[in-house]
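One-letter residues, chain by chain:
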Amino acid sequence: MIKLSVNINKIALIRNARGANYPDLVKVALDCEEFGAEGITVHPRPDERHVKFFDIPLLKAVLTTEFNIEGYPSEDFIDMVIKNKPHQCTLVPDLPGALTSDTGWDTITHQQSLKNIVTRLHDHGIRVSLFIDPIADRLYAAKETGTDRIEFYTGPYAHDFQKDKVHAVAPFAMAAKICNDLNLGINAGHDLNLDNLKYFVAHVPGLMEVSIGHAIVCDALYLGLKNTIQLYLRNWLKTTFELGVELT
Ligand code: PXP
């Protein structure tokens, strides 16, 4: 069953706009869990414009679903991850100041350094995922790092989906087959939304988890957070009956 991990960075961005604890990030994360999210993702960036480093232990202390911390593996970041021991750490090659993650790892060039980091995180019992584009050689190289999973960077899919969805999903379907053969777990994220998610899920065999932030927060402005999370879950056919809740 595919898991929905809700990325709460945008909630933190709104909180940070006024300097007070409103909305309360921990409460929103717990509410997301109550509304059906099966994981919470945070992406603390070096400038802390979204989630701040001090948020991490507060979340870790109370979350009951999968906790995924993603980010660029600087020494500070890796120390923080090891201290807080999330279920999963997703390594992303975004440089300080990046507007958002916009490319996957070149796992061929960075294979040895990634391998060292993966080993360090494994030594602390943390599952690792590498943010990556659907390129065969990079997937084979990712496998050599020892990573448990990869996360497909789905920005290009979302961009091309409106024009030609068959063409947009093809590289991901092909790459998913390679991952399945290599026994690499598959996550996916970036720019997924209620329009393009169902088609992606249907064409990417072995998909285990999607992490979605921006579109959920935008949809929640109109639909409310509870309805929005449950509409996303419906993409992989969990009915409201199975969830035990009625859409409001
Ligand atoms: N995965 C990674 C590595 C990201 O950096 C982000 C954005 O923070 C996401 C997934 C989620 O993307 P979106 O906010 O577009 O849903």
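Residues numbered from 1 in each chain as written. Predicted model: local features only at pLDDT ≥ 70, side-chain atom pairs only at ≥ 80, totals over all residues. Heavy atoms only, no water.

The next subject is unusual backbone geometry. For the bond from Y22 to P23, the omega torsion is 0°, close enough to zero to count as cis. With respect to the helices, strands and loops of the structure, P23 is situated in the loop between α1 (9-16) and α2 (25-35). (Helix = DSSP H or I, 4+ residues; strand = E, 2+ residues; numbered from the N terminus.)

The strand order β1-β2-β3-β4-β5-β6-β7-β8 describes a closed barrel built from eight strands, whose pairing is parallel. If you compare each strand with its neighbour and ignore which way they point, the axes differ by 25° on average. The pairing of strand β1 (residues 3-7) with strand β8 (residues 207-212) spans four bridges and is parallel. Bridging across to β8, V6 finds its partner in I212. Where helix α6 (residues 136-145) meets the sheet, it contacts β5 (127-132) and β6 (149-153), and its direction lies at approximately 160° from that of β5. (Pairing = 2+ DSSP bridges. Axes fitted to C-alpha atoms, helices over the stretch in contact; angles between N-to-C directions. Contact = heavy atoms within 4.5 Å.)

This brings us to the site of the ligand. Close contacts around the ligand come from 15 residues, with S101, E151, D191, G213 and H214 the closest. At a separation of 3.3 Å, an oxygen atom of the ligand approaches a polar side-chain atom of E70. A distance of 2.8 Å separates an oxygen atom of the ligand from a polar backbone atom of G213. In isolation the ligand exposes 390 Å². Once the protein is present, 95% of that is buried. (Near = heavy atom within 4 Å. Polar contact = N/O pair within 3.5 Å; in protein donor to acceptor, adjacent residues only side chain to side chain. Areas by Shrake-Rupley, 256 points an atom, 1.4 Å probe, with all protein chains shown as cover.)

Moving on, we come to the nonpolar core. By size, the foremost hydrophobic cluster in this structure holds 68 residues, and its most contacted members are L4, L91, L121 and F152. Per-element tally for this core: the top contributor is helix α8 (residues 165-182), with seven residues. Sequence-distant contacts of L91, defined by excluding residues within four places in its chain, comprise G71, P73, F77, I78, W105, L114, I117, L121, V128, S129, L130 and F131. (Core = buried A, V, L, I, M, F, W, Y, C linked by side-chain atoms within 4.5 Å. Buried < 20%, exposed > 50% of the residue type's maximum accessible area, 1.4 Å probe, protein only.)

A few words now on the pairing of β6. The buried fraction of β6 amounts to five of the five residues, a majority that puts the element mostly inside the structure. Side chains of β6 alternate between two faces, with R149, E151 and Y153 and I150 and F152 buried alike. Pairing between β5 and β6: four bridges, direction parallel. In the strand pairing of β6, L130 is matched with I150. The β-α-β motif built from β5, the intervening α6 and the parallel element β6 has right-handed crossover chirality. Here five bridges tie β6 to strand β7 (residues 185-189), and the two strands are oriented parallel to one another. (Right-handed = clockwise from strand over helix to strand, strands pointing away.)

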